[in-house]
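# Observations on chain architecture
Chain by chain, the residues run as shown.
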Amino acid sequence: MAEVDLQHVSKTYDGNIPAVVDVSLTVADQEFLVLVGPSGCGKSTLLRMIAGLEEVTDGTICIGERPVNNVPPKDRDVAMVFQNYALYPHMTVQQNLAFGLKLRKLPKTQIAERIQQAAALLGIEELLQRKPRELSGGQRQRVAVGRAIVRKPAVFLFDEPLSNLDARRRTEMRRELADLHRRLEATIVYVTHDQVEAMTLGDRIVVMNEGQVQQIGPPLELYDHP
Ligand code: ADP
Ligand code: ADP
């Protein structure tokens, strides 16, 4: 089953050269799909269009078979994790985790239950009453991932989630994300410019260049034949 389907998707920001040009691709259920390519090639734009944070100039996006071009971000069955974590600084970790669920009017008991599960999964139970400024970079990133997990979305979207971490934490979080992907049986679209991340995490890798898909395939297939 296709969780995400893009058909001839293009994006041109006002008065600029096209950022994404006629991209068609399908993300399978439980697939870990990684988008790579040089800075400015359109990775983020593509991800943000799936999230609904940017409008599509042309083409169609479906999530779980449902066309979403006109569906606002909040009502798409996706959760996004940002490079800069995007946590609310005035809220505790617990409040940050609860926010998106309250917004969607989930019952309190379910919110509490989901936060407990996610906190246990990510090993952040001890941090629930802290504010983001009282956390390390790695801990903040865990909370950002937790905020996505509690939503139980059909699709997780990651935009360079590890690039603000030091090398040791990056390796550690990379392993955790691979582990989470298995345990949650999650469907993931993941943007990075790091080839090691792409190789170790991706079931398939999409290589983008100047807004277009240049290559697509499993890691070994791509990097064996440069
Ligand atoms: P990547 O994520 O691969 O670095 P982006 O999707 O951020 O690439 O950018 C693709 C192209 O679109 C670049 O030329 C960039 O300058 C342009 N772009 C990105 N965001 C905007 C924006 N909000 N307004 C205008 N142009 C943008
Ligand atoms: P979710 O859809 O997972 O519930 P949120 O409601 O937390 O996500 O966030 C919705 C939007 O608000 C996102 O686009 C996110 O980038 C933005 N956002 C989240 N936290 C902050 C923040 N501290 N400052 C500015 N924007 C934020």
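Fair warning: this is a prediction, and the values are worked out from it, not measured in the lab.

## Examining the packing of helix H2 (residues 93–103) against helix H3 (residues 108–122)
As a packed pair, H2 and H3 sit with axes 10 Å apart at the nearest point and diverge in direction by 130 degrees. In terms of axis orientation, H2 runs oblique to H3. H3 is crossed by H2, and the crossing has right-handed handedness. Mapping the contact onto sequence places Gln 94, Leu 97, Ala 98, Leu 101 and Lys 102 in H2 and Ile 111, Arg 114 and Ile 115 in H3. Of the residues contributing to the contact of H2 with H3, the split by class is five nonpolar, one polar and two charged.

## A word on the site of ligand 2
Every residue near ligand 2 is listed here: Phe 82, Ala 86, Leu 87, Tyr 88, Pro 89, Phe 99, Gly 100, Arg 104, Arg 147 and Arg 151. With respect to ligand 2, the backbone of Leu 87 contributes an N or O atom lying 2.7 Å from a nitrogen atom. Measuring from an oxygen atom of ligand 2, one finds a side-chain N or O atom of Arg 151 at 3.4 Å. For ligand 2, whose accessible area on its own is 560 Å², the fraction buried by protein is 63%. Grouping the amino acids of the shell around ligand 2 by side-chain chemistry returns six nonpolar, one polar and three charged.

## Re the pattern of salt bridges
If you walk through the whole model with that rule in mind, you get ten salt bridges. The shortest N-O distance in the salt bridge between Arg 204 and Glu 31 comes to 2.5 Å. Here Arg 204, found in strand E9 (residues 204–209), pairs with Glu 31, found in the loop between strand E2 (20–28) and strand E3 (32–36); they are 173 residues apart in sequence, far enough to count as distant. Take Arg 204: its relative accessible area is 25%, and that puts it in the partly exposed class. A single salt-bridge network, built from bridges that share partners, covers Arg 142, Arg 168, Glu 172 and Glu 176.

## As for the confidence of the model for the chain
Per-residue pLDDT for the chain averages 93, and the proportion of residues at 70 or more is 98%. Scored as a whole, the predicted complex attains pTM 0.87, and scored at its interfaces, ipTM 0.71.

## Let's talk about the packing of aromatic side chains
In the structure shown here, the tally under the stated rule is four aromatic pairs. Residues Phe 156 and Phe 158 carry aromatic rings whose centres are separated by 6.4 Å and whose planes lie at 20 degrees to one another, so their mutual orientation is stacked. When sorted by exposure, Phe 156 lands in the same class as Phe 158, which is buried. Both rings, one in Phe 158 and one in Tyr 190, keep their centres 5.6 Å apart while their planes meet at 40 degrees; by these two values the pair is tilted. Placement of the pair is Phe 158 in strand E7 (residues 155–159) and Tyr 190 in strand E8 (residues 187–191), with a sequence separation of 32 residues. Here Phe 158 matches Tyr 190 in class, with each residue buried. Three or more aromatic residues link up through ring pairs in this structure, and these residues are Phe 32, Phe 156, Phe 158 and Tyr 190.

## Some remarks on H2
For H2, the complete set of buried residues consists of Val 93, Asn 96, Leu 97, Ala 98, Gly 100 and Leu 101. Lys 105 sits one or two positions beyond H2 and adopts a positive phi of about 60 degrees.

## Topic: the site of ligand 1
Around ligand 1, the neighbouring residues are Tyr 13, Asn 16, Ala 19, Pro 38, Ser 39, Gly 40, Cys 41, Gly 42, Lys 43, Ser 44 and Thr 45. At a separation of 2.7 Å, an oxygen atom of ligand 1 approaches a polar backbone atom of Gly 40. Cys 41 is positioned such that a nitrogen or oxygen atom in its backbone is 3.2 Å from an oxygen atom of ligand 1. Starting from 560 Å² of accessible surface for ligand 1 in isolation, the protein chains cover 59%. The residue inventory of the shell around ligand 1, partitioned by class, reads four nonpolar, six polar and one charged.

## Here's the deal with the packing of helix H4 (residues 137–149) against helix H5 (residues 167–184)
Interhelical geometry of H4 versus H5 gives an angle of 15 degrees and a closest axis separation of 11 Å. With respect to their mutual orientation, H4 and H5 come out roughly parallel. Where H4 crosses over H5, the handedness of that crossing is right-handed. Across the interface between the two elements, Gly 138, Gln 141, Arg 142, Val 145 and Ile 149 from H4 touch Arg 169, Glu 172, Met 173, Glu 176, Leu 177, Leu 180 and Leu 184 from H5.

Parameters at a glance
- Residues numbered from 1 in each chain as written.
- Chains lettered and ligands numbered in written order.
- Predicted model: local features only at pLDDT ≥ 70, side-chain atom pairs only at ≥ 80, totals over all residues.
- Heavy atoms only, no water.
- Axes fitted to C-alpha atoms, helices over the stretch in contact; angles between N-to-C directions.
- Helix = DSSP H or I, 4+ residues; strand = E, 2+ residues; numbered from the N terminus.
- Parallel < 35°, antiparallel > 145°, perpendicular 65-115°, else oblique.
- Left-handed = near helix turned anticlockwise from the far one by under 90°.
- Contact = heavy atoms within 4.5 Å.
- Nonpolar A, V, L, I, M, F, W, Y, C, P; charged D, E, K, R; others polar.
- Near = heavy atom within 4 Å.
- Polar contact = N/O pair within 3.5 Å; in protein donor to acceptor, adjacent residues only side chain to side chain.
- Areas by Shrake-Rupley, 256 points an atom, 1.4 Å probe, with all protein chains shown as cover.
- Salt bridge = Lys/Arg side-chain N within 4 Å of Asp/Glu carboxyl O.
- Buried < 20%, exposed > 50% of the residue type's maximum accessible area, 1.4 Å probe, protein only.
- pLDDT = per-residue confidence, 0-100.
- Phe/Tyr/Trp six-rings, centres within 6.5 Å; stacked < 30°, edge-to-face > 60°.

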